[in-house]
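Given next are the chains, with one letter for each unit.
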Amino acid sequence: MLPFARVAIIGMGLIGSSLARAIREAMPTVAINAHDASAEVRARVAELGLADDVADNAGTAVMDADLVILCVPVGAMAAVAADIAADLAPDTVVSDVGSVKESVARVLGTALPGVHVIPAHPVAGTEKSGPDAGFASLFKGRWCIITPPPRADAVMVERLSEFWRRLGARVDLMDAPHHDRVLAVTSHLPHLIAYSIVGTASDLEEVTKSEVIKYSAGGFRDFTRIAASDPVMWRDVFLNNREAVLELLGRFTEDLVALQRAIRWGDGEALESLFTRTRAIRRSIIDEGQDTDKPDFGRDHPDAD
Ligand code: NAP
């Protein structure tokens, strides 16, 4: 039996539209209601046939759904929860895909008392936004972290887990604060560093912008992929995972100063030992199936004649 019969997706950007495509592929009999704040996005969703019903407002979209998934930026969760509160059917599960979990759990729990609120975060994405950027296989082989509140209904948690497994994801359960600390390390800090490096390089006066772009294959361009990620989404991530990110940033700054010292004092041993350790981490990511083993991320290198 399918875990849910009718899913309402609020926010039809990269993640929402990928979800709709993945549901269509994995559970074709599940009905999909969709809503997005943008009329342009709603029109595009209808044109692409991503939903059975595209509603002009969030309340209408959730009315007959047994699962509602909020796929909007973290800072917009409170407004959407207020929009849908009066229209939810009894026993509907309300979940989300936000990249931060403690603040989202708090906001949804407050706005939706008595509702089965079970926050989640599929750890899968790209640097693109909008309904055309989505694709059905986005969640395949990736982890979806579900963060059930302390008194969550175990049956509902299992139904939501099964829903994500059917989309090809692997499911882990953890508490929201722990999720936020883990993601601060694996996602939030790397994004902050990428935003910072790309910003610094583009501000340098003695090296021209065209040189930075021209010679970017030396490493810079790999940071630019991350630094091209959605500005609104990432603004909200840092505003909502402040403590964990600031704590980690303190650690990172100290480690960076240690590297600065090693370079200044010509401590090659310290540098080599760190770089050997980091190379092993790349190996474990590949062994876990979380990235390709192909050199240079599998980019095309046509034979030069
Ligand atoms: P996106 O492509 O920008 O899509 C978000 C969509 O939500 C936009 O179409 C936006 O419309 C709409 N929206 C904003 N406020 C709304 C509201 N109040 N009511 C209804 N719709 C609203 O962003 P995304 O990458 O899919 O991210 C969505 C969520 O997924 C975020 O919480 C993010 O943290 C999480 N997430 C993202 C990734 C990733 O790699 N991108 C990975 C995992 C989780 P407008 O454009 O008009 O504002």
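Use the structure listed above.
Procedures and definitions
Residues numbered from 1 in each chain as written. Predicted model: local features only at pLDDT ≥ 70, side-chain atom pairs only at ≥ 80, totals over all residues. Heavy atoms only, no water. Phe/Tyr/Trp six-rings, centres within 6.5 Å; stacked < 30°, edge-to-face > 60°. Helix = DSSP H or I, 4+ residues; strand = E, 2+ residues; numbered from the N terminus. Buried < 20%, exposed > 50% of the residue type's maximum accessible area, 1.4 Å probe, protein only. Core = buried A, V, L, I, M, F, W, Y, C linked by side-chain atoms within 4.5 Å. Contact = heavy atoms within 4.5 Å. Pairing = 2+ DSSP bridges. Axes fitted to C-alpha atoms, helices over the stretch in contact; angles between N-to-C directions. Disulfide = S-S within 2.5 Å. Near = heavy atom within 4 Å. Polar contact = N/O pair within 3.5 Å; in protein donor to acceptor, adjacent residues only side chain to side chain. Areas by Shrake-Rupley, 256 points an atom, 1.4 Å probe, with all protein chains shown as cover. Nonpolar A, V, L, I, M, F, W, Y, C, P; charged D, E, K, R; others polar.

Student: Would you mind showing me how to read the packing of aromatic side chains here?
Tutor: Each aromatic ring pair is summarised here by two numbers: the centre-to-centre distance and the angle between the ring planes. Taken as a whole, this structure holds four aromatic pairs when the rule is applied. Taking the centre distance of 5.2 Å and the plane angle of 80 degrees together, the rings of F139 and W164 count as edge-to-face. Taken together, the positions of F139 in the loop between β7 (120–122) and β8 (143–146) and W164 in helix α6 (residues 154–166) put the pair 25 residues apart, joining distant regions of the chain. Look at W164 and you get buried, because its relative accessible area is 1%. Residues F163 and W164 carry aromatic rings whose centres are separated by 5.8 Å and whose planes lie at 85 degrees to one another, so their mutual orientation is edge-to-face. A network of ring pairs unites the aromatic residues F4, F139, F163 and W164 as a single cluster.

Student: Even after reading the chapter, I still don't get the nonpolar core, so can you show me in this structure?
Tutor: General note: in soluble globular proteins, nonpolar side chains tend to be found buried as a group. Grouped together as the largest cluster of nonpolar side chains are 39 residues, with contacts concentrated most on V7, I9, L19, I23, F139, F163 and W164. Mapped onto this core, the elements with two or more residues apiece are β1 (6–10), α1 (14–26), β2 (31–35), α2 (39–48), β4 (67–70), β8 and α6. Among the elements that make up this core, the one with the highest residue count is α1 (six residues). Filtering out sequence-adjacent residues up to four positions away, I23 remains in contact with V7, I9, P28, V30, I32, F163 and L167. Ranked by size, the runner-up nonpolar core spans 28 residues in total, among them V62, L88, V94 and V100.

Student: Would you take a moment to explain the pairing of β1 for this structure?
Tutor: Each regular strand displays side chains that alternate between the two surfaces of the sheet. The buried fraction of β1 is high, at four of five residues. As defined by bridge partners, β1 adjoins β2 across five bridges and the pair is classed as parallel. What sits directly across from I10, in β2, is H35. Where β1 meets β4, four bridges bridge the pair, whose relative direction is parallel. For I10, the partnering residue across the bridge sits in β4 and is L70.

Student: Got a minute to help me understand the sheet that holds β8 in this structure?
Tutor: Across the sheet, three strands lie side by side as β7-β8-β9; this open sheet has mixed pairing. Each end of this open sheet is capped by a strand with a single partner; those strands are β7 and β9 (170–173). The average angle at which neighbouring strand axes cross in this sheet is 20 degrees, direction not considered. Taken together, the three bridges between β7 and β8 define a ladder with antiparallel strand orientation.

Student: Would you mind going over the state of the cysteines with me for this structure?
Tutor: In protein chemistry, a disulfide is the covalent bond that joins the sulfur atoms of two cysteines. Throughout the structure, instances matching the rule amount to zero disulfides. Here C71 stays unpaired: no disulfide links it, and the sulfur of C144, its closest cysteine neighbor, is 11 Å away. A residue is classified by how much of its surface remains accessible, and C71, at 11% relative accessible area, is buried. For C144, a relative accessible area of 0% gives the class buried.

Student: Explain the site of the ligand to me, please; I cannot follow it from the model alone.
Tutor: Of all residues adjacent to the ligand, which total 27 residues, the nearest are L14, I15, D36, V72 and S99. L14 is positioned such that a nitrogen or oxygen atom in its backbone is 2.9 Å from an oxygen atom of the ligand. Contact between the ligand and G130: an oxygen atom at 2.9 Å from a main-chain N or O atom of the residue. Burial of the ligand by the protein amounts to 81% of the accessible area it has alone, namely 890 Å². Every element with two or more residues in the shell around the ligand is listed here: α1 and β7. In the shell around the ligand, the residues fall into 15 nonpolar, 10 polar and two charged.

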